[in-house]
Amino acid sequence: MSAPPPGVYLPQAWGGLPGARWRRRRFGRDVLEVRADVVVVGSGAGGGVVAAELAEAGVDVVVVEEGGWAGTEDFGPDAGRALRGLYRDAGMRMALGVPPVLFSEGRCVGGSTVINGGMTWRTPERILDGWALDDGVEHIRAKDMERWFERVERRVSAGRQADWSIGRDNQLLAEGAAKLGWHTVKNIRNQLHCAGSNNCAFGCPTGAKRSVILSYLPRALAFGARVLAGARVDRVLFDGRRATGVEGPGFRVRANRTVVCGGAVQTPALLQTSGVRSRSGNLGRRLSLHPNIKLVALMREPVRGWQGVHQAFQVEEHGDSEGLRLAAVNVPPSLTAMTLPMYGAELARVMGRYDHMVVAGMLMEDSVYGRVRAVGGTPVTTYQVTDDDGRRLVRGASLLAELLFEVGAEEIILPFEGVPSLKSVDDARALTDQTVALSKMELVTVHIMGTAAMGSDPTRHVCDSYGGVYDADSLFVADASLFPGPIGINPMETIMALATRVASRLIESS
Ligand SMILES: Cc1cc2nc3c(=O)[nH]c(=O)nc-3n(C[C@H](O)[C@H](O)[C@H](O)COP(=O)(O)OP(=O)(O)OC[C@H]3O[C@@H](n4cnc5c(N)ncnc54)[C@H](O)[C@@H]3O)c2cc1C
Ligand code: SF4
């Protein structure tokens, strides 16, 4: 891996962290001790933003990040290397249930923003209205959030894709939707001069994707933030109710305020392990996942789906009405082959037509909550899809298949074990009425939200409207955990806007 920028300290260089000193121990490991006004746990969409905003306002910040450093020159098409280096548990984490849901989290400086698709959407107005009305979140309506969204969009260079960066798989998706008269939007992404190399999930090799390491982190470092990388926080420290910093193997950071931004799985587990008890009983609960299914379509024409940015379009026709959103998401051959429900000659036949494939996905706004529990310090995630949501997943597959047959699909392979491939638009429509056992579904997700929900009521919510943990002092959350419920679209911009808002409140109270 390349050397980190000045200001980011890997374990072998921790001793160089300004203001830090080693406390020598006679037995056991020496401990690096450092003081800060604010310690931020995690450097992803939430932590990276909080750190930059605070540092820019002159606040003394130390960021503690479990993952290591990787920069633009380290990124390339080697999926295995990226999964091992940038993803937690190589991207193979499961929410337990029937079926289990495979989910991914980033673990590196920059967090999941380094490996995400770059979709940059504001929170839908109906969702913000719901958070205001049902959860009593203050100043959360679209007009209140406007300035935070605008600030984030400027920082991450949110914009539409240039047409030449869009590949044939995405054009086919848009053409299919147009034929059916379905409303489609061109995605907004955090990119500048995207080359359409389709490597977003393994790190952007051109620097076009303005992930945290290229947008917020350089600002944070320029304004004096210090980043302790390769440092997993095991515990938030307390003096009575008051958080006084964090510690992990080989380090301790003392701080006046602690902001936890480990993501919606790690954050509740860390708080639970540290002894935080929320009188709401909801710490770790209210977990939403946006379960996804993926279809593999073999098309009449060559597609070469690896050329061009993924998810250039989103089919919105069934978004607000049914909570179902469709997109084309090319997946490398190794990972595609791994998940196809076939083997031997049949697998060889299908993979032999990789250049004719469109891999398309459907994201569902879920109607049920799961839970995260720390067991021995490790988060265990449980989530049970309901029969109703199961039917919606089948309906989504049917819609997506219908669209793909409109533009020349010859065969569509479903993520439902035992359900034969679809060969015609009639097959696609008939799928809607079919019952598919939940246990036969293959579900994945990359959106994890809502395990330390914000709101006005300490008996229902873990955090107040600005991320302050109700049942502790000087302790804040500023990541995807804050969502009171699912948002139905890609969550990064919402997280960044909420983190900006939390930082602004911390600055006001400095
Ligand atoms: C493959 C993939 C594609 C995605 N595509 C999109 C997309 O196109 N658009 C979109 O809006 N969203 C997308 N998302 C989701 C989005 O990236 C996440 O929702 C968002 O980054 C979450 O922000 P966060 O701050 O909550 O957590 P993260 O960004 O995951 O950051 C958490 C950080 O905290 C660190 N950490 C955790 N626990 C500890 C600890 N105990 N001690 C120290 N450090 C710790 C982690 O290592 C990590 O770096 C995608 C996600 C993935 C994985
Ligand atoms: S598609 Fe664009 S943003 Fe994604 S990795 Fe390639 S150049 Fe970067």
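Presented here is an overview of the structure given in this document. (Residues numbered from 1 in each chain as written. Chains lettered and ligands numbered in written order. Predicted model: local features only at pLDDT ≥ 70, side-chain atom pairs only at ≥ 80, totals over all residues. Heavy atoms only, no water.)

## Notes on the overall build of the protein
Line of reasoning, step 1. Along the protein, the regular secondary structure elements total 13 helices and 22 strands.
Line of reasoning, step 2. Relative to a compact globule of 510 residues, whose C-alpha radius of gyration would be 24 Å, the protein shows 22 Å and is just as compact.
Line of reasoning, step 3. Seen through its principal axes, the protein has C-alpha atoms that stretch 70 × 45 × 45 Å.
Line of reasoning, step 4. Across the protein, every contact between residues at least 6 apart in sequence was considered, and the portion connecting residues at least 24 apart equals 74%.
Line of reasoning, step 5. Within the protein, the 56 negative side-chain charges are centred at a point lying 7 Å from the centre of the 57 positive side-chain charges. (Helix = DSSP H or I, 4+ residues; strand = E, 2+ residues; numbered from the N terminus. Rg over C-alpha atoms; globule rule 2.2 N^0.38 Å. Contact = heavy atoms within 4.5 Å. Lys, Arg positive; Asp, Glu negative; His and termini not counted. Charge placed at Lys NZ, Arg CZ, Asp CG, Glu CD.)

## Some words on the environment of Gly48
Line of reasoning, step 1. Note on placement: Gly48 falls in helix H1 (residues 45-56).
Line of reasoning, step 2. For the pair Gly48 and Val246, spaced 198 residues apart in sequence, the C-alpha separation works out to 17 Å.
Line of reasoning, step 3. In this view, Gly48 contacts Gly42, Ser43, Val212 and Tyr216; residues no more than four positions away in its chain are not counted.

## Here's the deal with empty space enclosed by the protein
Line of reasoning, step 1. Per the stated rule, a full pass over the model turns up two cavities of 30 Å³ or more.
Line of reasoning, step 2. There is about 80 Å³ of room inside the largest cavity.
Line of reasoning, step 3. Cys194, Gly196, Ser197, Cys200 and Cys204 are, among the 14 residues lining the largest cavity, the residues nearest its centre.
Line of reasoning, step 4. Looking at the lining of the largest cavity residue by residue, the class counts come to six nonpolar, six polar and two charged.
Line of reasoning, step 5. When its volume is computed, the second largest cavity comes out at roughly 40 Å³.
Line of reasoning, step 6. As for the second largest cavity, its lining consists of Thr72, Phe75, Val114, Cys204, Lys209, Ser211, Ile213 and Leu214. (1 Å grid on protein atoms, 1.4 Å probe; cavity = no way out; pocket = protein on both sides within 12 Å on 5 of 7 lines; lining within 4 Å. Points joined across faces, edges and corners; volume = space filled by probe spheres on them. Nonpolar A, V, L, I, M, F, W, Y, C, P; charged D, E, K, R; others polar.)

## Side note on the side chain of Asn190
Line of reasoning, step 1. With respect to the helices, strands and loops of the structure, Asn190 is situated in strand E9 (residues 188-190).
Line of reasoning, step 2. Look at Asn190 and you get buried, because its relative accessible area is 1%.
Line of reasoning, step 3. Residues contacting Asn190, with those up to four places away along its chain left out, are Gly118, Thr120, Val156, Ser157, Ala158, Ala208, Lys209, Arg210, Ser211 and Met492. (Buried < 20%, exposed > 50% of the residue type's maximum accessible area, 1.4 Å probe, protein only.)

## Quick word on the layout of surface pockets
Line of reasoning, step 1. Each pocket or cavity is described by its volume, and for the second largest pocket that value is around 210 Å³.
Line of reasoning, step 2. What lines the second largest pocket is Trp121, Arg122, Pro124, Arg126, Val185, Gln314, Glu316, Asp320, Arg325 and Ile489.
Line of reasoning, step 3. Of the residues belonging to the lining of the second largest pocket, the class tally is four nonpolar, one polar and five charged.

## A word on the site of ligand 1
Line of reasoning, step 1. Every one of the 37 residues lining ligand 1 counts as a neighbour, but Gly46, Glu65, Ser112, Val233 and Met492 are closest to it.
Line of reasoning, step 2. One of the side-chain nitrogen or oxygen atoms of Ser112 is found 2.6 Å away from an oxygen atom of ligand 1.
Line of reasoning, step 3. With respect to ligand 1, the backbone of Met119 contributes an N or O atom lying 2.9 Å from an oxygen atom.
Line of reasoning, step 4. For ligand 1, the protein covers 95% of the area, taking 1,000 Å² as the surface of the free molecule.
Line of reasoning, step 5. Of all the elements in the fold, those that place two or more residues in the shell around ligand 1 are H1, strand E4 (61-65) and helix H13 (492-508). (Near = heavy atom within 4 Å. Polar contact = N/O pair within 3.5 Å; in protein donor to acceptor, adjacent residues only side chain to side chain. Areas by Shrake-Rupley, 256 points an atom, 1.4 Å probe, with all protein chains shown as cover.)

## Side note on the site of ligand 2
Line of reasoning, step 1. Close to ligand 2 lie 14 residues, the nearest being Cys194, Ser197, Asn198, Cys200 and Cys204.
Line of reasoning, step 2. At a threshold of 2 Å from the grid points, most atoms of ligand 2 map onto the largest cavity.
Line of reasoning, step 3. For the shell around ligand 2, the residue count by class is seven nonpolar, five polar and two charged. (Sits in = over half its atoms within 2 Å of the grid points.)

## Comments concerning a nonpolar patch on the surface
Line of reasoning, step 1. Together, Met94, Leu96, Val375 and Val380 make up a nonpolar patch on the protein surface, roughly 320 Å² of accessible area in all.
Line of reasoning, step 2. Residue placement: Leu96 occurs in the loop between strand E5 (93-95) and strand E6 (101-103). (Patch = residues over 30% accessible without salt bridge, like charges linked within 9 Å, V, L, I, M, F, W, Y side chains within 5 Å. Salt bridge = Lys/Arg side-chain N within 4 Å of Asp/Glu carboxyl O.)

## A closer look at unusual backbone geometry
Line of reasoning, step 1. The residue after Val98, namely Pro99, is reached through a cis peptide bond having omega 0°.
Line of reasoning, step 2. The topology assignment puts Pro99 in the loop between E5 and E6.
Line of reasoning, step 3. Positioned with a positive phi, Ser157 is a non-glycine residue whose angle comes to about 55°.
Line of reasoning, step 4. At Asn198, a position not held by glycine, the phi torsion is positive, near 60°.
Line of reasoning, step 5. Locating Asn198 in the fold gives a position in the loop between E9 and helix H6 (216-222).

## With respect to the pairing of strand E12 (residues 242-248)
Line of reasoning, step 1. Summarising burial for E12: six of the seven residues are buried, a large majority.
Line of reasoning, step 2. As judged from the five bridges shared by strand E11 (residues 235-239) and E12, these two strands associate in the antiparallel manner. By the bridge assignment, Phe238 is partnered in E12 with Ala243.
Line of reasoning, step 3. What sits between E11 and E12 in their antiparallel hairpin is a turn of two residues, with Gly240 showing a positive phi close to 65°.
Line of reasoning, step 4. Two elements, E12 and strand E13 (residues 251-260), share four bridges in a ladder whose sense is antiparallel. Directly across from Glu247, in E13, lies its bridge partner Arg252.
Line of reasoning, step 5. Once E12 ends, the chain turns through two residues before running back antiparallel as E13, passing Gly250 with a positive phi of about 90°. (Pairing = 2+ DSSP bridges.)

None of the figures reported here should be taken as evidence of function without further support.
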